[in-house]
Each structure stands twice: as structure tokens, then as C-alpha cells.
Amino acid sequence: MNSNTYMEVSSPHIHQGSSTKTIMRDVVIALTPTLIASIIFFGIRAFIIVLLSVISCVLGELLWQKIFKQRVTIDDLSAVVTGILLAFTLPPSVPYYIPVIGGLFAIIVVKQIFGGIGKNFLNPALASRAFLIATWPAIMAKWTLDGVSTATPLELLNGSSADIPSLWNVFIGHTAGSLGETSALALIIGGIYLLYKDVITWEIPLSYIVSVFLLSLVFNKTSTPLIFALYEIFTGGLLLGAIYMATDYTTSPVTKKGKFIMGIGCGVLTCLLRNIGQTPEGVCYSILVMNLFVPMIERHTVPRTYGEVR
Amino acid sequence: MVGFDILSFIGGIHPPYCKESTEKRPIERLEPPGIVVIPLQQHIGAPCEAVVEVGEKIKKGQKIGESKGFVGAPIHSSVSGVVKSISKMPHPTLGECMAITIENDGLEELDNSIQGESLDSLSSKELIEVIREAGIVGMGGATFPTHVKLSPPPGKEIDTVILNGAECEPYLTTDHRLMVEYPDDIIYGLRAIMKILNVKRAYIGIEDNKPDAIEKMKGAVSSYRDIEIKVLRTKYPQGAEKQLIEAITKRQVPSAGLPMDVGVIVNNIATAAAISRAIREGMPLIERVVTVTGGGINEPKNLLVPIGTPFSYIVDMCGGFKEDVAKVINGGPMMGLAQYTLDVPVIKGTSGILLFTSKEVKSHEEGPCIRCARCVDVCPMNLMPLMLNAYSKNRSYEDCGKLHVLDCIECGSCSYICPAKKPLMQNIRIAKREVINMRKKQAKAN
């Protein structure tokens, strides 16, 4: 037997096989039902907006990394996810330059300037949406459904309740709203897939949704509090935010307790913004605000080490 | 059997078992090699000193190395023959170590000292002496001298003994086969341990992916009311001492503490079998069962191997390499140590020899941490591996200490699960070493 030299590396010698890419691929798969729903309800235009946003994000990342001679990471698919999520927060009637500008802003200003994947402190898609709302407020608040200008269910809920779409239409997504926020059904299907694939854990979505449900019962001004609370959950991007955005790895706590704080914090802020603030929506800003608290939450929720006596 | 009676712990991972190729293969006795290389250190503690000389003719089972300190275990020859040299040789866990090379004369002449006794005729003190003289150490891999473990300091009340038959490392099937083929030896050794510690309650923990072993062991303990088989969920690291104790007794060993702090002493299945042989046959620990497996070996086997047998000889006796072997591991894939050469010998702690092909060890490019929190979720010690890794790379060892880096049991679950393929375990190990050094210096300064 000859004395070959063999690989000497530290244990463990096996790996589960998942990678950033497989995780992001699962997120894309999970978002597909919602994409299909948005095309069904808003037409081919929805698909074009998503496509432009994704291309803008991926090219933005590629360009940045080429210019600054960094390792190109577009094959990890995280920019694709950001692109889809950003497009999902846009009204279906936006002109095509909006997703392009939004994508560049999300990737370059929010993500890459702070060090790229794992380093940004705000959710890129949501921060970009906030930027777009501030810059093009009219465009970002123009809702259409079946070719007709209308209001979103949340706007209607806060105003005269005459034309509120049925709970069923709100559940399947046949209602006015951002591209990817309207179909609760599709969002939930994708969420179950992500839970099954261990891509996300249940703490943030559940604590977020439950706290919005309970607080909506408190804020209720109608004669049917349960129905009101269900509307609050199925509309206004709440499921999109709770399942796909508040759970964003980089901008949510890694500790179990921290995840509950994140979810409940988002829920409380969402209800306050929706019911006390002047804007009907609250998901986007509540998640962005909670993003800022993540480092602090993490510092104060370090788990008790096994066998530690405090 | 599905349901609430299956015990476990919080955290952990589910690697594929990879035990199919050897779990059904009976233990075969390996034809002893022409030459054995027996390292003078095969345990935690002070190394042994040789008590034989070059050229001396020795017998099988004869003591050839004696340990000076209490924490240490003597070493015996696994063959009869002539001492060829006493020199530095490759060692599977220490890199290099003084070792006695013996040329086997093939006569298998037993040393005169080897005489059987019985459990009833020996006192607790005498039993401990038998175990010490037989050079028995923890055979799960940690190789802590067993007689030391069985001599708790006064004041430590021990009420429970646990035998570890979890064998949670993928690929390895040595404990599994021992339980299927030698259940009575294991129980005999366990009864000796119970007698030594004067303990009236014992458990044997076995993962639920070994139903045949569970059945055999249940049969073997049916006449003992004080020994119970506990079925454990198959999850890594179920066989880690603290996780095993908590699963079975619900007691949590305190941070920086020992199992005896919660009244428990844990021994490996194989250690109990070795104790049985030492008492009944007077045979010291000169051979052990080794699982030889992995994609790179032609005939995977469970072998009873004389201590000191070179890996290269074992590979030859298992039909040689099948494909290009890229990695050789002493132990399991999660905690085992990669070897640079096949010249290393089997030692008392060698539970397996894994031969991985280049396909099985494809190296991963490390990416940035995406803060997915999987390492936090799987850590059985509730640590924050991503933070420890970052602090370690920053050389902020003080912060590592504050985050309890020393509680890490080095199970490797964090590295296994990390999608960014960060070498978390490796960096945490570095931090542990640095923190220990730092604390030693501080203690000296004070």
C-alpha cells in the first residue's frame, strides 16, 4: 500500500447539501402560484412588470459587482427573489420604468452599498417600495381592476363600505391591490411550501398574523368584528409581508424569541398604522421599522445556553 | 412504538444513515497482521511508558506500556511476537506518537496473567482494579479511562447508569452489531458497572433505526428489573452524553459540569462489552470492533481488529479501494478525524474507518452568511454558531467566551446544515482553544 496523502480537513465530513441557491430557488417556487394569480387577475402586464423588476435587480447586482471587482453572486438567485417581491408590491398600472428604477434602488442602494447579501439592514424590496411611494405617490396609489379604476379593499374598509368585494374574492385575489398581494390563497399555498421545505419557520408569520387578527378585533368599527378581522388579514399585503418579507433572513432575528418579537412588533405596528395613521396600509412601513430593531432584538434574546444557570 | 415513548432532545440534524452496507453484516474476526504498531497514548491523560525493550519476546495480552498517573490506562500487546522498535509513528488522533512496533509470530501465545474471574467473587474495589489493569477506556471515541470515570469523588451521589447504544454517527455500525451479537456481554459489563457504583437503576439508550438491536437487548434484560431499554429518536447527536442523559432522565447537566453532577454515569456499549471480557476472561483491551465503510472500499465490513493494526492492512483485507479515495477518516463522518496516510494504526477509540471517494467529499465554496438561523436552530447546546464564527474570525475571543463557546460539544451540526458552507465548527474549535489559553493565562496572572 503506497502512502498517498489524503485530504485533511476539519470535521464534519458530510454536508446536508442545501445552499443559498437551493433556498432562493424554493422561494421562487413558492412565489409562483402568486405570480400565476396576478397574471390571471391583472393580465400579461403583471408578468411584464415582474420580468422587468427581476432583470433590473439581477443586472444591477451584476453591474455593481463587475464595477467593484467583487465576486459575482447573481447565481445565488437572491436578486431574482428581490425582483419578484418588489414587483409584487407595485400597482398593476405602473409605467414600465417604475419596476426598473425600483429594482436598481433595491439592489444597489439598499443591498449592495451595505455589503450585499446578509449585510443589508432593510428589506430591499420594501425599502425600494417606500422610495417609490415617496417619489411617485400618485402612480403608486392608482389601483385598477378589470380595466377600471377602483380603490383597494383596505381603502374601502376605512371609508364607505358599500362596494367592498366579497370575502371570497378577497381570498382568491379578485380584488384591487398590488400585483402579488391580492390572492391570499396563492400566498398561503406558497407559505405552506416554504414551511414544508424548512426555508422559513412558523414563528414570524404566525405571530404576525395572529397579532393583527386580535388587534383588528379591538380596532373594529363594524358590526361583524370577525369578518372585519379576516379582511384585515387577507388584504393590504399582510400575508405577502408576513410570509415572505418579515421572514427575510438578513433583516429578521436569528433567535427564536426574537422571531416572536419581530412578528408581534410588525403586527402591532401594522394595526396602528392602518387604524390611526392616515394611510390605509401599514405592512410595508411596519416591517421596515422592525428591521431597524433587529440588532437590538437579537442582543437581548440570546438563548439560554444548554445547562446554563442564570 | 411510534409516539410519545420515543425520547429525544431539542435541536439536532437528520443526516442520511448510510448504514445499509454494514448493518446486517456479522462481526468478522480479522486475520492478525504481520506487524502491529501500538501507540503508547490511546487515551485522554498522561502517555504510557514502555515496559518492554526492543528485541524482547512478548505474549498476547502482555502489558507493554504502563501509565504513571491516575488518569491513564496501561497498554497491552494484541499479538505474540518480538518488539521491533519503540519510536515515533503516525497516530490517528495525535499526528505522531511514540509507539511499540511488534512483529507477530502468529502463535497467539497468551500471557500468563490472563485468567478469568467472576462478578460475584470480586469486590467493587477489585473490579475497578481489573478494569484499570485491562486498560479499558471509553470506546465511543473519547477514550477517557474507564476506571477513573467509575471512581466518582466522594460527595457525588450516583443513582443512574446509562449505556450509550445510540450510535448516532452515520455509517458506523459497531455498537449496533455488538448489541445484536453480544447482548449478554454488554449486560454483564453493565452489571459490573452497577456493582462498582452501587447503583440500582440502569438504562440502555438505542436509536429507533436499530429495531433488531432493540429487540435483542430487550430480550437480554428481560430478567433484570433494574435495567430498562430506552428507545431514542434517530437524530444526531443523540449519542452525545448530555443529550442522551436529558432524553432518558430529563436531567440537564450544568454548563461546565459533568454527568456525575446530576447523578449519572454514561458508558458506551462497547466499553461494557470490554469490561465483561476483562472480568470473565481476564482479557485486556487488545482488540475492538471497527466498521470499515464508505464509497471507496470494495467490501464494507464490521471487523474485530487487533489494536495496532495499520489502516492499510485493513483496506487490503476489505478488498482494497474501489475508486479513487480522497479522504480517510478515523471515526464517523460528523466528528471523525481525516488522516493524511494509511500508515496509522487502529487504536482503542477507532470506531470506524471511512474511505470517501472524491465524489463523496466534493469541496464546497464558502459563501457569505445569509443569517438563515439554521445553525442556531440545530445547535443542541443552544449556542449561536453564526456569532461565534464571526467573533472567532475577528479574533474577538473574549466575546466568544461570553457566548459560552466552551459549552460547544463539537458535534458539527452547524457546519453540516450551513447553506453558505461556512466552516463554523472549525472556527469555533479555534475560538475554544484560544479561550482556554486566555483563561489559563488569566488564572496564572491572578
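The rules behind the values
- Residues numbered from 1 in each chain as written.
- Chains lettered and ligands numbered in written order.
- Predicted model: local features only at pLDDT ≥ 70, side-chain atom pairs only at ≥ 80, totals over all residues.
- Helix = DSSP H or I, 4+ residues; strand = E, 2+ residues; numbered from the N terminus.
- Rg over C-alpha atoms; globule rule 2.2 N^0.38 Å.
- Buried ≥ 20, exposed ≤ 12 C-beta atoms within 10 Å, placed from the backbone.
- Contact = placed C-beta atoms within 7 Å.
- Axes fitted to C-alpha atoms, helices over the stretch in contact; angles between N-to-C directions.
- Parallel < 35°, antiparallel > 145°, perpendicular 65-115°, else oblique.
- Left-handed = near helix turned anticlockwise from the far one by under 90°.
- Pairing = 2+ DSSP bridges.
- Core = buried A, V, L, I, M, F, W, Y, C linked by C-beta atoms within 7 Å.
- Domains from an automatic or database assignment.
- Nonpolar A, V, L, I, M, F, W, Y, C, P; charged D, E, K, R; others polar.
- Expected span 1.5 Å × (residues − 1).
- Arc of directions from axis to C-beta.

### Some words on the overall build of chain B
The number of helices and strands found in chain B is 14 helices and 17 strands. Here chain B has a C-alpha radius of gyration of 22 Å; the compact-globule value for 446 residues is 22 Å, and the two agree. In terms of its C-alpha atoms, chain B occupies a principal-axis envelope of roughly 60 × 55 × 50 Å. Burial statistics for chain B: of 446 residues in total, 56% are counted as buried.

### What to know about the overall build of chain A
Regarding its fold elements, chain A presents 13 helices and two strands. Over its C-alpha atoms chain A spans a radius of gyration of 21 Å, differing by no more than 12% from the 19 Å that the globule rule assigns to 310 residues. Projected onto its principal axes, the C-alpha coordinates of chain A cover approximately 85 × 50 × 35 Å. For chain A, the proportion of its 310 residues judged to be buried stands at 51%. Within chain A, contacts between residues at least 6 apart in sequence are counted, and of these 72% link residues at least 24 apart.

### Considering the packing of helix H4 (residues 97-111) of chain A against helix H5 (residues 124-135) of chain A
Residue and element names in this part refer to chain A. Following both chains from N to C, one finds H4 and H5 inclined at 125°, their axes separated by 8 Å at the closest point. One finds that H4 runs oblique with respect to H5. Every pair of crossing elements has a handedness; the one defined by H4 and H5 is right-handed. Packed against H4, whose contacting residues are Ile98, Gly102, Phe105, Ala106, Ile107, Val110 and Lys111, the element H5 presents Pro124, Ala125, Ala127, Ser128, Phe131 and Leu132 at the interface.

### Quick word on the sheet that holds strand S13 (residues 287-293) of chain B
All names here are of chain B. Spatially, S1-S14-S13-S17-S15-S16 is the arrangement adopted by the six strands of the open sheet, whose pairing is mixed. The open sheet has two edge strands with one neighbour each: strand S1 (28-29) and strand S16 (337-339). Pairing between S13 and strand S17 (residues 352-357): three bridges, direction parallel. Bridge pairing in S17 places Thr293 opposite Leu354. Packing of helix H4 (residues 174-181) onto the sheet brings it into contact with S13, strand S14 (301-306) and S17, and relative to S13 it is tilted by some 125°.

### Description of the packing of helix H9 (residues 203-219) of chain A against helix H11 (residues 238-245) of chain A
Residues and elements named next belong to chain A. In the contact formed by H9 and H11, the axes pass within 8 Å of each other and the chain directions differ by 155°. In terms of axis orientation, H9 runs roughly antiparallel to H11. H11 is crossed by H9, and the crossing has right-handed handedness. Contacts between H9 and H11 involve Pro205, Tyr208, Ile209 and Val212 from the first element and Leu238, Ala242 and Ile243 from the second.

### Quick notes on the environment of B:Val289
Residues and elements named next belong to chain B. By secondary structure assignment, the location of Val289 is in strand S13. Each C-alpha atom, one on Val289 and one on Leu304, is 4.3 Å from the other, the two residues being 15 residues apart in sequence. Apart from the residues within four sequence positions on either side, Val289 is in contact with Ile27, Thr174, Arg177, Leu178, Ala270, Asn302, Leu303 and Leu304.

### Observations regarding the pairing of S14(B)
Residues and elements named next belong to chain B. For S14, the buried fraction is high: five of the six residues fall into the buried class. Both S1 and S14 contribute to a ladder of two bridges, which runs parallel. Of the residues in S14, the one forming a bridge with Arg29 is Leu304. When S13 meets S14, the two strands line up antiparallel, connected through six bridges. Bridge pairing in S14 links Val290 to Leu303.

### Some details on the nonpolar core
Counting 222 residues, the largest nonpolar core has B:Ile186, B:Leu190, B:Ile193 and B:Ile314 as the members making the most contacts within it. For B:Ile193, the contacting residues outside a window of four places in its chain are B:Leu150, B:Val161, B:Asn267, B:Ala272 and B:Ile275.

### Details of the domain arrangement of chain B
Residues and elements named next belong to chain B. As assigned here, chain B comprises domain 1 (20-24 + 115-280) and domain 2 (374-445). Here the C-alpha centre of domain 2 lies 30 Å away from the C-alpha centre of domain 1. Residue composition of the side of domain 1 that touches domain 2, by class: four nonpolar, two polar and no charged.

### Examining unusual backbone geometry
Note the cis peptide between A:Ser11 and A:Pro12, where omega equals -5°. Here A:Pro12 shows up in the segment before helix H1 (20-42). Note the cis peptide between B:Tyr236 and B:Pro237, where omega equals -5°. One can find B:Pro237 in the loop between strand S11 (227-232) and helix H7 (241-249). Even without being glycine, B:Ala373 reaches a positive phi, approximately 75°. Here B:Glu410, not a glycine, exhibits a phi torsion of approximately 60°, which is positive.

### Looking at the environment of A:Ala30
Residue and element names in this part refer to chain A. Turning to its location among the elements, Ala30 is positioned in helix H1. Each C-alpha atom of the pair Ala30 and Ile189 lies 7.5 Å from the other, and the pair is 159 residues apart in sequence. When sequence neighbours within four positions are dropped, the list of residues in contact with Ala30 reads Gly190, Tyr193 and Leu194.

### Details of helix H3 (residues 78-88) of chain A
Residue and element names in this part refer to chain A. Across the eleven residues that make up H3, a large majority, eleven, are buried. Regarding H3, the residues found buried are Ser78, Ala79, Val80, Val81, Thr82, Gly83, Ile84, Leu85, Leu86, Ala87 and Phe88. Looking at the buried residues of H3, the elements they touch are H1, helix H2 (44-67), H4, H5 and H11.

### Structural notes on helix H8 (residues 184-196) of chain A
Residue and element names in this part refer to chain A. With 13 residues, H8 ought to run about 18 Å at 1.5 Å a step, and its terminal C-alpha atoms sit 18 Å apart, in line with that. Residues of H8 that are buried: Ala184, Ala186, Leu187, Gly190, Gly191 and Leu194. When H8 is viewed along its axis, its buried side chains cluster within an angular range of 160° and face the same direction. Exposed residues pointing more than 90 degrees away from the buried face of H8 are listed as Ile192 and Tyr196. A positive phi of about 60° marks Asp198, the residue just after H8.

### Digging into the environment of B:Met217
Residues and elements named next belong to chain B. Considering the arrangement of structural elements, one finds Met217 in helix H6 (residues 211-220). Between the alpha carbons of Met217 and Ile204 there is a distance of 8.5 Å; along the sequence they are 13 residues apart. Excluding residues within four positions of it along the chain, Met217 makes contact with Met179, Pro183, Ile204, Ile206 and Ile229.

### Regarding the interface of chain B and chain A
Contact residues are listed per partner, giving 57 residues for chain B and 33 residues for chain A. Counting only elements with at least two residues in the side of chain B that touches chain A, the list comes to helix H9 (311-317), strand S15 (325-330), S16, helix H13 (413-417) and helix H14 (424-445) of chain B. Classifying every residue of the side of chain B that touches chain A by side-chain character gives 35 nonpolar, 14 polar and eight charged.

### Examining the sheet that holds strand S5 (residues 63-66) of chain B
Two pairing modes exist for strands in a sheet, parallel and antiparallel, and in both the strands are linked by backbone hydrogen bonds. All names here are of chain B. What the three strands build is an open sheet, ordered S3-S5-S6; its pairing is antiparallel. In this open sheet, the two strands that pair with only one neighbour each are strand S3 (49-50) and strand S6 (75-76). Relative to S5, S3 runs antiparallel, the two sharing two bridges. Each residue of the ladder has a partner; that of Ala50, found in S5, is Gly65.

### Remarks on the pairing of strand S2 (residues 35-39) of chain B
All names here are of chain B. Of all five residues making up S2, four are buried, and the element is well covered by its neighbours. Summarising the sheet, S2 and strand S8 (residues 95-104) pair through five bridges and their orientation is antiparallel. Opposite Ile38, over in S8, you have Ile100 as the bridge partner.

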